[in-house]
Amino acid sequence: MNASRLLAQVVKELLSLLRDPRARAILVLPPLLQLLIFSFAATLEVRNATIAVFNEDPGPAAEAFIAEVSHASFVGEVIRVHDSGHQRQLLEQGRVLLALHIPETFSRDRLAGAPATVQVLLNGQKANTAQVALGYLEAMALAQDGRVEPLVTRHDFNPNLIYRWYVVPSLSGILSMFIALVVTALSIARERELGTFDQLLVSPTTPLEIILAKCLPAVLVGFVMGTVMINAALWLFQVPFTGSLAWLALALLLFIVSVVGIGLMVSAIAETQQQAILGAFALGVPMVLLSGFATPVENMPVPLQWLAQAIPLTHFLVIVQGSFLKALPAGAVIAHLWPMALAAVVTLSAATFVVRRRLH
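Residues numbered from 1 in each chain as written. Predicted model: local features only at pLDDT ≥ 70, side-chain atom pairs only at ≥ 80, totals over all residues. Heavy atoms only, no water.

Things to note about the overall build of the protein
Part 1 of the argument: Each helix and strand in the protein was counted, giving 15 helices and 4 strands.
Part 2 of the argument: Within the span of the protein, comprising 360 residues, buried residues form 44% of the whole.
Part 3 of the argument: Here the analysis covers contacts within the protein between residues at least 6 apart in sequence; of these, 79% occur between residues at least 24 apart.
Part 4 of the argument: Accessible area for the protein stands at about 18300 Å²; split by element, carbon and sulfur atoms hold 64% of it. (Helix = DSSP H or I, 4+ residues; strand = E, 2+ residues; numbered from the N terminus. Buried < 20%, exposed > 50% of the residue type's maximum accessible area, 1.4 Å probe, protein only. Contact = heavy atoms within 4.5 Å. Areas by Shrake-Rupley, 256 points an atom, 1.4 Å probe, with all protein chains shown as cover.)

Quick notes on the UniProt feature "transmembrane region" (unreviewed entry) in the protein
Part 1 of the argument: Using the residue numbers shown here, the UniProt feature "transmembrane region" (unreviewed entry) corresponds to residues 165-190, 210-237, 244-270, 276-294 and 337-355.
Part 2 of the argument: A distance of 26 Å separates the end C-alpha atoms of residues 276-294, which is 79% helix and 0% strand. (UniProt positions renumbered as here; feature names shortened; annotations may be inferred.)

What about the side chain of Asn123?
Part 1 of the argument: Checked against the element boundaries, Asn123 lands in the loop between strand 4 (119-122) and helix 7 (127-144).
Part 2 of the argument: Only 3.1 Å separates the side chain of Asn123 from the backbone oxygen of Val96, close enough to count as a polar contact.
Part 3 of the argument: Those residues within four positions of Asn123 in sequence are excluded, and the remaining contacts are Leu91, Gly94, Val96, Leu97 and Ala130. (Polar contact = N/O pair within 3.5 Å; in protein donor to acceptor, adjacent residues only side chain to side chain.)

Observations regarding the packing of aromatic side chains
Part 1 of the argument: This structure, assessed with the given rule, holds 5 aromatic pairs.
Part 2 of the argument: On the numbers, 5.7 Å between centres and 45° between planes, the contact of Phe65 with Phe106 is tilted. Taken together, the residues Phe65 in helix 4 (residues 60-70) and Phe106 in helix 6 (residues 106-112) connect sequence positions 41 residues apart. Each member of the pair, Phe65 together with Phe106, is buried. (Phe/Tyr/Trp six-rings, centres within 6.5 Å; stacked < 30°, edge-to-face > 60°.)

Points about the pairing of strand 1 (residues 49-55)
Part 1 of the argument: Here strand 1 lies mainly inside the structure; 7 of its 7 residues are buried.
Part 2 of the argument: Neither face of strand 1 is exposed, since Ala49, Ile51, Val53 and Asn55 on one face and Thr50, Ala52 and Phe54 on the opposite face are all buried.
Part 3 of the argument: Pairing of strand 1 with strand 2 (residues 75-81), which is carried by 6 bridges, proceeds in the parallel orientation. The partner of Ala52 across the bridge, within strand 2, is Ile79.
Part 4 of the argument: With 5 bridges joining them, strand 1 and strand 3 (residues 98-102) adopt parallel strand pairing. Its bridge partner being in strand 3, Phe54 is matched across the sheet by His101. (Pairing = 2+ DSSP bridges.)

Side note on the packing of helix 1 (residues 3-19) against helix 10 (residues 207-236)
Part 1 of the argument: Viewed as axis vectors pointing N to C, helix 1 and helix 10 meet at an angle of 50°, and their least axial separation amounts to 9 Å. Between helix 1 and helix 10, the angle is such that the two are oblique. Taken as a pair, helix 1 and helix 10 cross one another with a handedness that is right-handed. Residues Arg5, Leu6, Gln9, Val10, Lys12, Glu13, Leu14 and Leu17 of helix 1 lie in contact with helix 10, whose contacting residues are Glu209, Leu212, Ala213, Lys214, Leu216, Pro217, Leu220 and Val221.
Part 2 of the argument: Taken together, the residues of the contact of helix 1 with helix 10 sort by class into 10 nonpolar, 1 polar and 5 charged. (Axes fitted to C-alpha atoms, helices over the stretch in contact; angles between N-to-C directions. Parallel < 35°, antiparallel > 145°, perpendicular 65-115°, else oblique. Left-handed = near helix turned anticlockwise from the far one by under 90°. Nonpolar A, V, L, I, M, F, W, Y, C, P; charged D, E, K, R; others polar.)

Quick notes on a nonpolar patch on the surface
Part 1 of the argument: On the surface, Leu33, Leu36, Ile37, Phe38 and Leu236 cluster together into a nonpolar patch covering about 450 Å² of accessible area.
Part 2 of the argument: For the nonpolar patch, the element with the highest residue contribution is helix 3 (residues 29-41), accounting for 4 residues.
Part 3 of the argument: Topologically, Leu236 is positioned in helix 10. (Patch = residues over 30% accessible without salt bridge, like charges linked within 9 Å, V, L, I, M, F, W, Y side chains within 5 Å. Salt bridge = Lys/Arg side-chain N within 4 Å of Asp/Glu carboxyl O.)

Looking at the nonpolar core
Part 1 of the argument: Residues Leu35, Met177, Val239, Phe255, Leu313, Phe316 and Phe324 are the most contacted members of the largest nonpolar core, which totals 69 residues.
Part 2 of the argument: Put simply, the parts of the chain that give this core at least two residues each are helix 8 (164-194), helix 10, helix 11 (245-269), helix 12 (273-290), helix 14 (312-325) and helix 15 (330-359).
Part 3 of the argument: Counting residues per element, this core draws most heavily on helix 8, at 17 residues.
Part 4 of the argument: Those residues in contact with Phe255 that lie beyond four places of it in its chain are Gly173, Ser176, Met177, Pro312, Leu313, Phe316 and Met340.
Part 5 of the argument: If you look at the next biggest cluster of nonpolar residues, it comprises 21 residues, including Val46, Ala62, Ile66 and Ile102. (Core = buried A, V, L, I, M, F, W, Y, C linked by side-chain atoms within 4.5 Å.)

Structural notes on the sheet that holds strand 4
Part 1 of the argument: Pairing is mixed in the open sheet, where 4 strands are placed in the order 2-1-3-4. Lying at the two open borders of the sheet, with one neighbouring strand each, are strand 2 and strand 4. Across this sheet, the average inter-strand angle for adjacent strands is 20°, counted without regard to direction.
Part 2 of the argument: Packed onto the sheet, helix 4 meets strand 1, strand 2 and strand 3 and runs at close to 145° relative to strand 2.

So, the environment of His86
Part 1 of the argument: Along the polypeptide, His86 turns up in helix 5 (residues 84-92).
Part 2 of the argument: With relative accessibility at 30%, the residue His86 sits in the partly exposed group.
Part 3 of the argument: Measuring from C-alpha to C-alpha, the distance between His86 and Ala52 comes to 9.3 Å, with 34 residues separating the pair along the chain.

Focus: helix 14
Part 1 of the argument: When the terminal C-alpha atoms of helix 14 are compared, their 20 Å separation across 14 residues agrees well with the 20 Å that a helix rising 1.5 Å per residue should span.
Part 2 of the argument: Here helix 14 lies mainly inside the structure; 12 of its 14 residues are buried.
Part 3 of the argument: Burial in helix 14 covers these residues: Pro312, Leu313, Thr314, His315, Phe316, Leu317, Ile319, Val320, Gly322, Ser323, Phe324 and Leu325.
Part 4 of the argument: Two residues or fewer past helix 14, Ala327 is found with a positive phi of approximately 50°. (Expected span 1.5 Å × (residues − 1).)

Structure follows, in structure tokens:
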């Protein structure tokens with residue numbers, strides 16, 4: 001392998017990347033805009049919920065309960081209805097998230113010290129959001145019940161439950177993964193579409209140099225963009241960082257290398273740049289869904305849990321979230337580094353095999 005020839009190939013690849021309008025369009029501005037938008041939009045917190053209340057009890061306890069619900073932080077509007085049919089209609093139309101039915105015995109039961117029940121109907125079209133809102137409502141009702149000692153809850157690592165502290169570090173991994181995937185997927189496909197791939201085959205460059213020249217720029221771009229997003233989490237979003245920057249940098253590098261191997265296989269198979277972009281997103285979206293970002297891996301069926309452990313993003317999310325919020329110890333970091341290193345070896349070896357087959 002000739003070092004000067006490899007360097008020339010890498011420089012050529014970087015220049016081609018920067019001169020390509022499609023590549024420039026996905027490199028810098030869109031990921032940063034996505035980081036800003038998703039950081040505020042991607043949340044499981046419930047705010048401004050609309051609740052319907054059907055109250056059959058004219059007593060003061062029922063009115064006090066409705067007033068407390070109206071002033072709850074997660075409630076935006078309370079719609080009073082006068083019959084169960086109107087309540088059901090609001091749920092069917094999707095205008096309310098929850099519907100409360102307060103029976104006529106509510107105040108009497110409260111005054112007698114007996115359990116005072118309230119029926120809660122949930123909008124099944126928004127099942128997850130409704131369940132979260134129901135949890136808020138149950139906590140509020142428990143705290144109001146004078147006969148029960150309210151629970152004192154403490155949330156370790158994120159005491160104020162600021163959802164951006166979880167989302168922003170995770171997005172740095174997800175968006176840098178897509179950048180590395182797309183940049184690598186476009187590399188060989190761009191050469192083939194522009195007609196310069198045949199010239200590359202007849203040049204003195206060896207297949208190994210071609211593969212490295214396609215990988216190194218993508219690793220560099222993905223690592224730089226991941227670093228930019230991590231710094232945005234630190235300085236722009238003020239997410240507290242308690243771990244080791246050195247361990248996080250190593251994890252980011254291994255993560256990008258493993259993703260580049262996947263992108264290189266996509267690039268070798270794709271005939272056009274459009275196919276390469278579609279292939280990158282066809283693989284990237286399932287990896288995000290299985291990584292544990294949106295739903296816990298433990299909740300998935302066992303075969304999908306095994307598949308999730310083979311996805312580099314699953315392990316990088318554990319490291320980046322732990323590095324920011326809970327000072328993840330070195331042993332725990334290493335436990336998630338070696339699966340990413342193994343994934344990097346497997347994906348790069350498979351990519352090398354596929355590219356060599358396409359080069360001959």
